[in-house]
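Each chain is listed here by its residues.
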Amino acid sequence: MSDSRVSPEFCFDEQRGDLFVARVAVNYLTTDCVATLEYAAAVLHTPLIMALGHESCGAVGAAIDAVDKNRQFPGHIQSMASALAPAVRAAKTLPGERFENVVRMNVIRNVDKLRKQPPILSKLVEERKILVVGGVYSLKTGEVTLVA
Ligand SMILES: [Zn+2]
């Protein structure tokens, strides 16, 4: 997530030198993101990766519009909406609030992709040298709920 209201350091009360952060709106996986996380894992030996989504995510709203209303966005924004489309579709049949379900589903899908991401992350996960988890940050409470 790139949201200005949510800083990972702030979410977890961390200081300089504590977190290695790769940020992209709606936390979808790009080659650059994966490269950053591979570097953190293989070179810096970070023991934990967390994919973090957040409530009231404007980009999730855009992705839902892209699927439901077949809306097209200008420039490269469409690739972000398209990256979320599988999560939007997967959340369609879930009970409960759709928007929250899409946020959660997107995090769950990204955690799964990261755990299976060859060649570095999948190997480290298999060797139990790194843990990949997912959370959703609440802007209202400031709490992170683990979802994967
Ligand atoms: Zn967001």
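This one's a predicted model, so the numbers in the text were calculated from it and none came from an experiment.

Participant: Just checking my understanding: could you explain unusual backbone geometry for this structure?
Facilitator: Most peptide bonds adopt trans geometry, and most residues besides glycine take a negative phi value. Each neighbour pair has its own omega, and for P118 with P119 the value is -5°, a cis peptide bond. As for its placement among the helices and strands, P119 is situated in the loop between α5 (98-115) and α6 (120-126). Backbone geometry places N27, a non-glycine residue, at a positive phi of 35°. Relative to the helices and strands, N27 resides in the loop between α1 (8-11) and α2 (31-42).

Participant: Honestly, a negative patch on the surface in this entry has me stumped. Any pointers?
Facilitator: On the surface, E9, D13, E14 and D18 cluster together into a patch of negative charge. Its place among the elements puts D13 in the loop between α1 and α2. A relative accessible area of 67% means that D13 is categorised as exposed.

Participant: What is the right way to look at the pairing of strand β2 (residues 131-137) in this model?
Facilitator: For a regular strand, the rule is simple: side chains alternate between the two faces of the sheet. In terms of residue burial, β2 counts as a mostly covered element, since six of its seven residues are buried. As paired strands, strand β1 (residues 48-54) and β2 are joined by seven bridges and run parallel to one another. Paired with M50 across the bridge in β2 is V133. Hairpin connection from β2 to strand β3 (residues 144-146): six residues lie between these consecutive antiparallel strands, with G142 at a positive phi of about 80°.

Participant: Looking at this structure, how should I read the packing of aromatic side chains?
Facilitator: A full pass over the atoms with the stated rule returns one aromatic pair. Judged by centre distance (5.8 Å) and plane angle (45°), the ring pair of F20 and Y39 falls under tilted. Linking F20 in the loop between α1 and α2 with Y39 in helix α2, this pair joins segments that are 19 residues apart in sequence. Residue class for Y39 comes out partly exposed when judged on its relative accessible area of 41%.

Rules of the game
- Residues numbered from 1 in each chain as written.
- Predicted model: local features only at pLDDT ≥ 70, side-chain atom pairs only at ≥ 80, totals over all residues.
- Heavy atoms only, no water.
- Helix = DSSP H or I, 4+ residues; strand = E, 2+ residues; numbered from the N terminus.
- Patch = residues over 30% accessible without salt bridge, like charges linked within 9 Å, V, L, I, M, F, W, Y side chains within 5 Å.
- Areas by Shrake-Rupley, 256 points an atom, 1.4 Å probe, with all protein chains shown as cover.
- Salt bridge = Lys/Arg side-chain N within 4 Å of Asp/Glu carboxyl O.
- Lys, Arg positive; Asp, Glu negative; His and termini not counted.
- Charge placed at Lys NZ, Arg CZ, Asp CG, Glu CD.
- Buried < 20%, exposed > 50% of the residue type's maximum accessible area, 1.4 Å probe, protein only.
- Pairing = 2+ DSSP bridges.
- Phe/Tyr/Trp six-rings, centres within 6.5 Å; stacked < 30°, edge-to-face > 60°.

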